[in-house]
Every structure is written in structure tokens, then in C-alpha cells.
Amino acid sequence: MAQPPAAVPPGAPEQGCPIRVEHDRRRRQFTVRLNGCHDRAVLLYEYVGKRIVDLQHTEVPDAYRGRGIAKHLAKAALDFVVEDDLKAHLTCWYIQKVSLSATDCYIVHEIYNGENAQDQFEYELEQALEAQYKYIVIEPTRIGDETARWITVGNCLHKTTVLAGTACLFTPLALPLDYSHYISLPAGVLSLACCTLYGISWQFDPCCKYQVEYDAYKLSRLPLHTLTSSTPVVLVRKDDLHRKRLHNTIALAALVYCVKKVYELCAV
């Protein structure tokens with residue numbers, strides 16, 4: 001026997017009907033009128049600076065949830081931020097969810113003060129890395145710079161492993177055999193050292209799967225209008241499996257060559 005449809009509160013927006021969002025600038029809120037004027041869904045915000053607004057709280061009555069009303073409130077609020085050329089803090093968890101799920105992006109906002117602020121930023125960044133967001137935007141300058149430098153260190157170890165290993169393997173083809181080992185052996189040792197250091201200190205760090213994003217087009221697609229900083233560090237997740245295979249293979253080949261060459265030199 002078919003179940004009767006759930007009762008719809010009188011005056012509630014029905015499927016397919018447009019939801020009208022009203023913006024009361026004096027009271028600093030966005031509202032959707034429900035059931036005439038008796039019930040309302042509301043999103044509250046406050047100015048926390050001359051050009052900065054804090055989107056604080058979204059509330060929809062229980063009887064009207066699941067109809068997309070909160071999403072319309074969030075969209076209206078974010079449109080207001082963009083149109084008025086404002087910066088925004090996303091205190092409201094629902095707006096964070098709507099904004100971030102659309103772009104698969106997490107933003108570490110610089111909204112904490114005090115002695116424990118840096119620890120809070122580091123913990124928030126660690127959680128975002130472990131959650132494997134496609135993009136991570138780091139607004140706090142200090143932790144953003146530290147993270148960018150750490151990623152540069154990993155890139156340097158990878159590139160040095162590959163270049164030094166390649167030099168080790170191809171130098172004997174370009175120089176006479178009597179002299180090539182003066183270059184190939186040190187290059188091989190350098191490649192092995194960098195590969196080992198990468199494996200110990202870097203490859204198990206969650207940062208190894210991220211690179212700093214500089215592409216202006218990709219950056220323009222991110223919700224950077226919500227930031228107070230004009231120079232955030234943006235990380236993009238990239239699969240590092242192929243580069244690990246590359247430098248491990250080259251380092252292994254360099255190891256084989258070095259062992260063989262040392263054996264030949266000792267046997268003479």
C-alpha cells in the first residue's frame with residue numbers, strides 16, 4: 001500500500017517554485033519568508049572591518065529543511081560579498097560546506113589571535129592535508145611561507161636525485177672511461193643520498209602530494225574573495241607516484257653502476 005506524501009507546511013516553498021531571498025542591510029541579515037510572515041529562514045552577518053564581513057550563522061526551521069533554502073541564503077550572501085568587493089570570514093559551518101564542496105577547496109583563514117594562533121593554524125592545515133582537498137589556500141603568512149619552502153625542499157631533493165643519477169649513468173658514454181668515474185661516482189653518490197633523504201624525511205609527509213599553484217587561471221576559479229590577505233599560498237594536490245618511481249629507478253640504476261665501478265677499480 002502506497003504511503004501518503006509527507007505533509008507540507010502551509011506557505012512553504014514547493015519543488016520548482018522560486019525561493020526569494022531578501023537582504024536587510026540595516027539588520028545585516030538575509031531572509032526567506034516562510035508560511036506567510038510567521039516563519040523565516042535567516043543568515044546573519046556582521047562587519048568585522050571596513051571591508052570585511054563575517055558570515056556568522058544560517059538557520060532554517062526544522063519543518064522547512066531539505067528544500068535548498070539554506071543554499072539559496074548562502075549563495076545570496078556570497079554574491080553580496082563579490083558584488084560589493086568585500087572580504088569575508090566564513091564562520092558559519094554551512095557556508096564553508098557550500099563554498100568548499102563546490103570547488104573542493106579548503107581555506108585556512110587568519111582569524112585567530114593570541115599565543116596559540118600558530119598552533120591552531122598548523123593543526124587546521126594538517127587536517128586539510130589529511131582530508132586530501134584538491135586545493136588548500138593558506139592565508140596566514142608565516143605558515144604559508146613555511147609550507148611553500150618545505151615543498152621546495154622536496155622538489156629540490158627529487159630533481160637532484162634525477163639529475164645527478166642521469167649524470168652518473170650518461171657520463172661514461174660522453175667521456176673516456178679512464179676519467180668518467182671522477183664525475184659519475186660522485187654524481188651517483190649524490191643521487192643516492194638525495195633519494196635516501198627524500199625517502200626518510202619527505203615521502204611520508206602529507207605535503208609530498210601537493211605543489212604550490214601559480215597558474216592565474218586556476219587561481220581565479222578559487223574563492224579567494226573571502227580572504228583578507230592579497231598574497232595567500234595556494235596548494236594543489238598532485239599525484240606523486242610517477243615522480244617517485246622515476247627517481248627511485250634512476251637512483252637504483254646509479255647504485256648498480258657505482259657498485260660495479262667500485263668493484264672494477266678495486267679489482268685492478
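Residues numbered from 1 in each chain as written. Predicted model: local features only at pLDDT ≥ 70, side-chain atom pairs only at ≥ 80, totals over all residues. Heavy atoms only, no water.

Looking at an unreviewed UniProt entry, one finds the chain named Protein NATD1, with Catagonus wagneri as its source organism. UniProt annotates the chain under Function (unreviewed entry) with the comment "Plays a role in mitochondrial morphogenesis." If you open the UniProt record of the chain and go to Subcellular location (unreviewed entry), you find "Mitochondrion inner membrane". (UniProt positions renumbered as here; feature names shortened; annotations may be inferred.)

1. Here's the deal with the overall build of the chain
Along the backbone of the chain there are 7 helices and 9 strands. Counting the 268 residues in the chain, one finds 41% classified as buried. Considering only contacts in the chain between residues 6 or more positions apart, those separated by 24 or more positions represent 64%. Accessible surface, the chain: about 16200 Å² in total, of which carbon and sulfur atoms supply 57%. (Helix = DSSP H or I, 4+ residues; strand = E, 2+ residues; numbered from the N terminus. Buried < 20%, exposed > 50% of the residue type's maximum accessible area, 1.4 Å probe, protein only. Contact = heavy atoms within 4.5 Å. Areas by Shrake-Rupley, 256 points an atom, 1.4 Å probe, with all protein chains shown as cover.)

2. Concerning a nonpolar patch on the surface
Among the surface-exposed residues, Leu175, Tyr179, Tyr182 and Ile183 lie close enough to one another that they form a single nonpolar patch of about 450 Å² accessible area. As for its placement among the helices and strands, Tyr179 is situated in helix H5 (residues 177-201). Using a relative accessible area of 55% as the deciding quantity, one classes Tyr179 as exposed. (Patch = residues over 30% accessible without salt bridge, like charges linked within 9 Å, V, L, I, M, F, W, Y side chains within 5 Å. Salt bridge = Lys/Arg side-chain N within 4 Å of Asp/Glu carboxyl O.)

3. Re a negative patch on the surface
Taken together, the side chains of Asp119, Glu122, Glu126 and Glu130 define an acidic patch exposed on the protein surface. Along the chain, the position of Glu126 falls in helix H3 (residues 117-131). (Lys, Arg positive; Asp, Glu negative; His and termini not counted. Charge placed at Lys NZ, Arg CZ, Asp CG, Glu CD.)

4. Considerations on the packing of H5 against helix H7 (residues 241-267)
The N-to-C vectors of H5 and H7 enclose an angle of 135°; their axes lie 8 Å apart at closest approach. Relative to H7, the element H5 is oriented oblique. Remark: the crossing between H5 and H7 carries left-handed chirality. Across the interface between the two elements, Leu177, Ser180, His181, Ser184, Leu185, Gly188, Val189, Ser191, Leu192, Cys195 and Tyr198 from H5 touch Arg243, Lys244, His247, Asn248, Ala251, Ala254, Leu255, Tyr257, Cys258, Lys261, Val262 and Leu265 from H7. Split into classes, the residues belonging to the contact of H5 with H7 amount to 13 nonpolar, 7 polar and 3 charged. (Axes fitted to C-alpha atoms, helices over the stretch in contact; angles between N-to-C directions. Parallel < 35°, antiparallel > 145°, perpendicular 65-115°, else oblique. Left-handed = near helix turned anticlockwise from the far one by under 90°. Nonpolar A, V, L, I, M, F, W, Y, C, P; charged D, E, K, R; others polar.)

5. Comments concerning the environment of Thr231
Following the sequence through the fold, Thr231 ends up in the loop between helix H6 (216-220) and strand S9 (233-237). On a C-alpha basis, the gap between Thr231 and Pro140 in space is 9.5 Å, while along the polypeptide they are 91 residues apart.

6. Details of a positive patch on the surface
A surface patch of like charges, here positive, comprises Lys134, Lys218, Arg221 and Lys238. Inspection of the secondary structure puts Lys134 in the loop between H3 and strand S7 (135-138).

7. Considering the pairing of strand S4 (residues 52-59)
As paired elements, strand S3 (residues 39-47) and S4 share 6 bridges and run antiparallel to each other. Among the inter-strand pairings, Leu44 is bridged to a residue of S4, identified as His57. Linking S3 back to S4 in an antiparallel pair, the connection comprises 4 residues. (Pairing = 2+ DSSP bridges.)

8. Points about the pattern of salt bridges
Under the definition given, this model contains 11 salt bridges. The residue Arg33 makes a salt bridge to Glu22 at a minimum N-O spacing of 3.1 Å. With a gap of 11 residues between them, Arg33 in strand S2 (residues 29-34) and Glu22 in strand S1 (residues 22-24) connect regions that are remote in the sequence. Judged by its relative accessible area of 43%, Arg33 falls in the partly exposed class. Glu22 sits in the partly exposed class, given a relative accessible area of 23%. Residues Asp240 and Lys209 are paired through a salt bridge, measuring 3.2 Å at the closest nitrogen-oxygen approach. In this pair, Asp240 is assigned in the loop between S9 and H7 and Lys209 in the loop between H5 and strand S8 (210-212), connecting sequence segments 31 residues apart. Taken together, the shared-partner salt bridges in this structure form one network comprising Lys209, Asp240 and Lys244.

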